[in-house]
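# Fold and contact review
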Amino acid sequence: MFGLEKLPGQQKPGRSGGFPNMASVGDFNVLSSSIPATKVELSVSCRNLLDRDTFSKSDPICVLYTQAIGNKEWREFGRTEVIDNTLNPDFVRKFIMDYFFEERENLRFDFYDVDSKSPNLSKHDFLGQMFCTLGEIVGSQGSRLEKSIVGIPGKKCGTVIVTAEELGCCRDSVLMQFCANKLDKKDFFGKSDPFLVFHRSNEDGSFTICHKTEVVKNTLNPVWQAFKISVRALCNGDYDRTIKVEVYDWDRDGSHDFIGEFTTSYRELSRGQSQFNVYEVINPKKKGKKKKYVNSGTVTLLSFLIETEVSFLDYIKGGTQINFTVAIDFTASNGNPSQPTSLHYMNPYQLNAYGMALKAVGEIIQDYDSDKMFPALGFGARLPPDGRVSHEFALNGNPQNPYCHGIEGVMEAYYRSLKSVQLYGPTNFAPVINHVARYAASVKDGSQYFVLLIITDGVISDMAQTKESIVNASKLPMSIIIVGVGPAEFDAMEELDGDVVRISSRGRFAERDIVQFVPFRDYIDRSGNHVLSMARLAKDVLAEIPEQFLSYMRVRGIKPSPAPPPYTPPIHVLQTQI
């Protein structure tokens, strides 16, 4: 998720290593609690709706539905108000939705002419509907999507305009510093070694850990270092939500002693250093036992500073395009495409693993590419007519113009190639990485960002050259996603994914981590639900893209372009009906 700082003590799951003096109250991963990447507000307007009323104009309402991933069931998300007597409504009530770049959120907007007070929609006249994805709205120019309303055969149902606006609180971070006085002494030989643990409350009343300070050794009056946390992580953007802070005495064996706790809220903290932000640390057990118990010390807020971060959506709204290129492995180890055991087998009834990976990732990224033209490459095959081996050929057979229209166009070109080329080898990645890098090198102004999806079945043959290509590409506006299909051991690929150790070549380290590798088999749904498999795969491989994108923009000092001016609906002259 983007906009989230790495919190002290937070490591990737399953990885040891650590931070000096770092408290560990259980392993927690802020991201696993899935804080929405950001929240967007959708505004809806219509033009030239159908007129269903005899003596006046329609009284429209808009109903928004979202779709469950697994069973495709539509669920009502919310309704606008009813606006009387108009065919050109600008609805005031907004829809506020969680936005994740890496998820495909299908939306359906239904329009009705309201004829009575009944909440039952079947009692009202249907005026049509519009289908789109949240990504389509956000990815449109100025995050404004205009589409025809459909659903009534033979009738023009008008158009709908949906605008997305990122909510401000989502991108704020806070820099805070705390100190404490006269904390309880917990250690037999010395004073306490205190640290703080912050929790945000959830809708159901439970608490989720969101930050731990460092440990300050051997003092009852600690001053902790200032720390930065996003407002989303601290309170999910809800200023009045309870924030619980626990005070512990650190112990080497991990059995940290509880000193006490207090609660506050973002709104209280935002008053800054004042008498309101001195908190009594209370230990409920001690309070219950001792009549004369006052507190276990106090914690004071020393400073509170709000910082607004630029977000991924600021760039998208300012017109940055994401260019998607796909490269497919045509080496012989995939097996003969005419055999059902082949990873390239063209089953008339379901997608093969290559098709699933391509569709899963492509269908989400295409919403951020205005022309929907995608270069599609293959590597590791012998090409007609002379049988030369190529590691960078156009799937559509046209090296001068390897672009395919939409993800469906890429799929068609892939299937056509399987019939014309001979699977061969070896498995070389460097040529396709360099191909995309050449394009990325020509636009470094932040107006375009390139994502290369490599789908492969196996062990890479040109490791040294690929590492060199990745190190060079890490300076460019591009990211690389590698999806491994089939049963092979993908150990070498883990090395390319610089999460554990930053990739290097000939003593040069990559400027930033731009590679994300996943084996497709980890995402196969056991019940055979391919829609779920594809959604899980896309979620994982795309989750790092916004942060990689932002890291490029930050390093280069590129600010988002201003968004186009907001849409102002034309003023309609009321015509007298004859």
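Residues numbered from 1 in each chain as written. Predicted model: local features only at pLDDT ≥ 70, side-chain atom pairs only at ≥ 80, totals over all residues. Heavy atoms only, no water.

### A few points about the overall build of the protein
What counts, and what does not: Starting at the N terminus, helices and strands are each numbered in turn, a helix being any DSSP run of H or I of at least four residues and a strand any DSSP run of E of at least two. The buried label goes to any residue with under 20% of its type's maximum accessible area, the exposed label to any with over 50%, and the partly exposed label to all in between, with areas taken from a 1.4 Å probe on protein chains only. Note on contacts: a residue pair qualifies if any of its non-hydrogen atoms lie within 4.5 Å across the two residues.
Scanning the protein from N- to C-terminus turns up 12 helices and 28 strands. Along the three orthogonal principal directions, the C-alpha set of the protein runs to about 90 × 80 × 45 Å. Expressed as a percentage of the 578 residues in the protein, the buried residues total 53%. Residue pairs at least 24 apart in sequence account for 71% of intrachain contacts in the protein once pairs closer than 6 positions are excluded.

### What about the packing of helix α6 (residues 353-365) against helix α11 (residues 530-542)?
Note the following rule: For helices, the fitted line uses only the C-alpha atoms of the stretch in contact; every axis is such a line through C-alpha atoms, and the angle between N-to-C directions lies from 0 to 180 degrees. Just so you know how the angles are binned, under 35 degrees is roughly parallel, over 145 roughly antiparallel, 65 to 115 roughly perpendicular, and the rest oblique. Crossings are sorted by hand: turned counterclockwise from the far helix by less than a right angle, the near helix makes the crossing left-handed, and turned clockwise it makes it right-handed. Residues are grouped as follows: Ala, Val, Leu, Ile, Met, Phe, Trp, Tyr, Cys and Pro are nonpolar; Asp, Glu, Lys and Arg are charged; every other residue, Gly included, is polar.
Contact pair α6 / α11: the axes reach a minimum separation of 9 Å and the direction vectors enclose 60°. Our classification of the angle between α6 and α11 gives oblique. Remark: the crossing between α6 and α11 carries right-handed chirality. In this structure, α6 uses Met356, Ala357, Lys359, Ala360, Val361, Ile364 and Ile365 to contact α11, whose residues at the interface are His530, Met534, Leu537, Ala538, Val541 and Leu542. In terms of residue class, the contact of α6 with α11 is built from 11 nonpolar, 1 polar and 1 charged.

### Re the domain arrangement of the protein
Condition: Each domain span listed reflects an automatic or database assignment of domains.
Per the domain assignment, the segments of the protein are domain 1 (38-166), domain 2 (172-308) and domain 3 (321-514). Look at where the C-alpha atoms of domain 1 and domain 2 centre, and you get two points 45 Å apart.

### Section: the packing of aromatic side chains
Heads up, the rule is: Pairing of aromatic rings covers Phe, Tyr and Trp, the last counted by its six-membered ring, and requires centre-to-centre distances within 6.5 Å; plane angles under 30 degrees mean stacked, over 60 mean edge-to-face, and any other angle means tilted. Any Lys NZ or Arg CZ that is within 6 Å of a ring centre and within 35 degrees of that ring's normal is treated as a charge sitting over the ring.
Across all of its chains, the model carries 24 aromatic pairs by this definition. For the ring pair Phe262 and Tyr279, a centre distance of 4.7 Å and an interplane angle of 15° mean the geometry is stacked. With Phe262 in strand β14 (residues 257-265) and Tyr279 in strand β15 (residues 278-280), the pair connects residues that are 17 residues apart, well separated along the chain. Note on accessibility: Phe262 and Tyr279 belong to one class, buried. Across the ring face of Tyr65, the terminal group of Arg108 is positioned such that the distance to the ring centre comes to 4.0 Å. The ring of Phe100 has Lys539 sitting right over it, with the charged end atom 5.0 Å from the ring centre.

### Notes on the UniProt feature "domain: VWFA" (unreviewed entry) in the protein
Worth spelling out the cut-off: UniProt positions are given in the numbering used here, feature names are shortened, and annotations may be inferred rather than shown by experiment.
Taken from the UniProt record, the annotation "domain: VWFA" (unreviewed entry) applies to residues 323-524. Within residues 323-524, the helical portion is 29% and the strand portion 26%, while the C-alpha atoms at the span's ends are 27 Å from each other.

### Regarding the sheet that holds strand β2 (residues 60-67)
The test is simple: For two strands to count as paired, DSSP must find a minimum of two bridges between them.
Here we have 4 strands laid out as an open sheet, ordered β3-β2-β5-β6, and antiparallel in their pairing. Each edge of the sheet is formed by a strand with only one pairing partner; in this case those strands are β3 (74-79) and β6 (125-133). Direction aside, neighbouring strands of the sheet carry axes that sit 25° apart on average. As paired strands, β2 and strand β5 (residues 106-113) are joined by 7 bridges and run antiparallel to one another. Pairing of Leu64 across the sheet is with Phe109, part of β5.

### Details of helix α12 (residues 545-556)
This is how the line gets drawn: Multiplying 1.5 Å by the residue count of a helix minus one yields the expected span of that helix.
End to end, α12 covers 17 Å across 12 residues, agreeing with the expected 16 Å (1.5 Å per residue, within 8%). Buried positions along α12 lie against α5 (312-317), β24 (448-456), β25 (478-484), β28 (515-519) and α11. Gly557, located one to two residues past α12, shows a positive phi value of around 70°.

### So, the sheet that holds strand β11 (residues 207-212)
One key point about sheets: their strands pair by backbone hydrogen bonds, in either a parallel or an antiparallel sense. Judged by pairing direction, the sheet is antiparallel, and its 4 strands sit side by side in the order β11-β10-β13-β14 without closing on themselves. Among the strands making up the open sheet, the edge pair consists of β11 and β14. Taking the axes of each pair of neighbouring strands and ignoring which way they run, one obtains an average angle of 30° across the sheet. By the bridge criterion, 7 bridges tie strand β10 (residues 194-201) to strand β13 (residues 242-249) in an arrangement that is antiparallel. Considered in β13, the bridge of Phe195 is made with Tyr248.

### Re unusual backbone geometry
Following Pro384, the chain continues to Pro385 via a peptide bond in cis, the omega torsion being 0°. One can find Pro385 in the loop between β19 (381-383) and β20 (388-390). Cis geometry is found at the peptide bond from Gly425 to Pro426, where omega equals -5°. Within the element layout of this structure, Pro426 appears in the loop between β23 (422-423) and α8 (430-442). A positive phi angle is found at Asn218, which is not glycine, with a value near 55°. On the secondary structure map, Asn218 appears in the loop between β11 and β12 (227-230).

### A word on the side chain of Thr427
Within the secondary structure, Thr427 sits in the loop between β23 and α8. Among all residues touching Thr427, those that are not within four sequence positions of it are Asp329, Thr331, Phe379, Thr456, Val459, Ile460, Ser461 and Asp462.

### Section: the pattern of salt bridges
Convention followed: Salt bridge, as applied in this entry: a Lys or Arg side-chain nitrogen positioned within 4 Å of an Asp or Glu carboxyl oxygen.
Evaluation of the coordinates by the stated rule reveals 22 salt bridges. Between Glu76 and Arg79 there is a salt bridge whose closest N-O contact spans 2.7 Å. For Glu363, the salt bridge goes to Lys359, with nearest N and O atoms at 3.2 Å. Linking Glu363 with Lys359, this pair stays in helix α6, spanning 4 residues, or about one helical turn.

### Quick word on the nonpolar core
The following threshold applies: To define a nonpolar core, start from buried Ala, Val, Leu, Ile, Met, Phe, Trp, Tyr and Cys residues and group those joined through side-chain atoms within 4.5 Å.
Counting 86 residues, the largest nonpolar core has Leu42, Phe109, Phe111, Ile137, Phe330, Val483 and Leu542 as the members making the most contacts within it. With 9 residues, the top contributor of residues to this core is α6. Both domain 1 (38-166) and domain 3 (321-514) contribute no fewer than three residues apiece to this core. Core analysis: the next-biggest nonpolar cluster, separate from the first, contains 34 residues, Cys210, Ala233, Trp250 and Tyr279 among them.

### Here we look at the pairing of β25
Put simply, the rule is: Orient the strands so they point away from the viewer, and a crossover whose first-strand-to-second-strand path over the helix runs clockwise is right-handed.
Judged by how many residues are buried, β25 sits mostly within the fold: 7 of 7 residues are covered. Of the two faces of β25, both are covered, the one formed by Met478, Ile480, Ile482 and Gly484 as well as the one formed by Ser479, Ile481 and Val483. Summarising the sheet, β24 and β25 pair through 7 bridges and their orientation is parallel. The residue bridging Phe450 from the neighbouring strand is Met478, located in β25. After leaving β24, the chain enters helix α9 (residues 463-473) and then returns to the sheet as β25, a path that is right-handed. Summarising the sheet, β25 and β28 pair through 5 bridges and their orientation is parallel. Counterpart to Ile481 in the pairing with β28 is Gln516.

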